Amino acid sequence: MVVDPEHAPVNGRKRSQRPRRSHREVADELRSRIRSGQLRPGQRMPTQAKLADEFGVERGAVRQALRILQSEKLLSNVSKGSPATVAQNVTRALTGPEAAPQPTTVALAARIAAAFEAPHVEIDALCLTSVSLTLAMGEPLRLIHAGRIKPAKVDVRVLLPSRDIDLAFPAPLDAAAEDPVRRYWLAQRNAQGQVLSHNLLALRSSHGIEVNVSFRALPFTPPVKLYLLNGVEALFAYYTLSRIQGEIDHKPLELYDARGTQSVLFPFAQGTGHRDTTFVEQSHLWFNALWETISSELLLTS
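Figured I'd write up the structure that's included with this text. (Residues numbered from 1 in each chain as written. Predicted model: local features only at pLDDT ≥ 70, side-chain atom pairs only at ≥ 80, totals over all residues. Heavy atoms only, no water.)

As for the packing of helix H2 (residues 48–55) against helix H3 (residues 59–71)
Next, step 1: The contact between H2 and H3 brings their axes to 9 Å, and the two run at 105°. Regarding the angle of H2 to H3, the classification is roughly perpendicular. In this structure, H2 contributes Gln-48, Ala-49, Leu-51 and Ala-52 to the contact, and H3 contributes Arg-59, Val-62, Arg-63 and Leu-66.
Next, step 2: Classifying every residue of the contact of H2 with H3 gives five nonpolar, one polar and two charged. (Axes fitted to C-alpha atoms, helices over the stretch in contact; angles between N-to-C directions. Helix = DSSP H or I, 4+ residues; strand = E, 2+ residues; numbered from the N terminus. Parallel < 35°, antiparallel > 145°, perpendicular 65-115°, else oblique. Contact = heavy atoms within 4.5 Å. Nonpolar A, V, L, I, M, F, W, Y, C, P; charged D, E, K, R; others polar.)

Some words on the sheet that holds strand E8 (residues 171–172)
Next, step 1: The antiparallel open sheet is built from three strands, whose spatial order is E8-E13-E12. Edge positions in the open sheet fall to E8 and strand E12 (241–248), since each of these has one partner strand only.
Next, step 2: Note that E8 and strand E13 (residues 251–258) share two bridges and pair antiparallel. Its bridge partner lying in E13, Pro-172 is registered against Leu-255.
Next, step 3: On top of the sheet, helix H8 (residues 178–207) reaches E8, E12 and E13; it is set at about 90° to E12, its chief contact. (Pairing = 2+ DSSP bridges.)

Some points on the pattern of salt bridges
Next, step 1: Going through the model one piece at a time under the given rule, you end up with 10 salt bridges.
Next, step 2: Notably, a salt bridge pairs Glu-54 with Arg-33, separated by 2.4 Å at the nearest N-O pair. One end of the pair, Glu-54, is in helix H2; the other, Arg-33, is in helix H1 (residues 23–36), with 21 residues separating them in the sequence.
Next, step 3: The partly exposed category is assigned to Glu-54, whose relative accessible area is 27%.
Next, step 4: Exposure remark for Arg-33: the relative accessible area of 13% places this residue in the buried category.
Next, step 5: Here the residues in one salt-bridge network are Glu-29, Arg-33 and Glu-54, joined through shared partners. (Salt bridge = Lys/Arg side-chain N within 4 Å of Asp/Glu carboxyl O. Buried < 20%, exposed > 50% of the residue type's maximum accessible area, 1.4 Å probe, protein only.)

This is the structure in structure tokens:
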């Protein structure tokens, strides 16, 4: 019998049947468990052997993942010997001024949920389609429906590209596919905006929360995304373009596009230093200037 080396025994143990993960994927999963409270401050981690079994990786990959989390001040006592320990000041390490930047899908929901703990929630966003914002809003909505938080008022403003401009991206390599790509982007922009608006406005009748949601159209394709939370926090990310293989209307095509949900968010907060405070203030000035000057009315229709 030919044994698949991917599932061959290592040191007498049968390796996990799950697909092999990279050390960064292992770090992402463990970070998520720490963030959710599944792994608590002061708790000892599973042994490196158990983690290697669980994730189907070599112990070297586990050690690399643990060192990443140690560098982020989420773990202590990382060594080849005894299991590491979850850091005591994990909240500050995850959300404080020294927190490591994380992909949008990892970082945004937690920051939006924290913003919703305020009596008056104010969220301003500049983005390409609002996919990340709509996904991130699921966490505070869950907490509201569970009765764990209840703001009195929610104001959300979103700046999105106008349907009337020539988009810089997404852009097909074949000019003949420009119209399908544009229609797909527009459908995404409108659908995500409608879902975001519907989910928030529903809080009026379900929980008696005063909610206002507004959209305006930009005359350009934003090369960055920006989220401003309660006037005291700014989350900034680049849209990094790459050449990808996509499919629209069941037809494969190549295009230049950015995976916005994976864009790394850099957090800035007032009160954590002159640089951060100034960045937050200037970001608000920039957003308000766009909102009040060159942006225009946006209707989320085809």
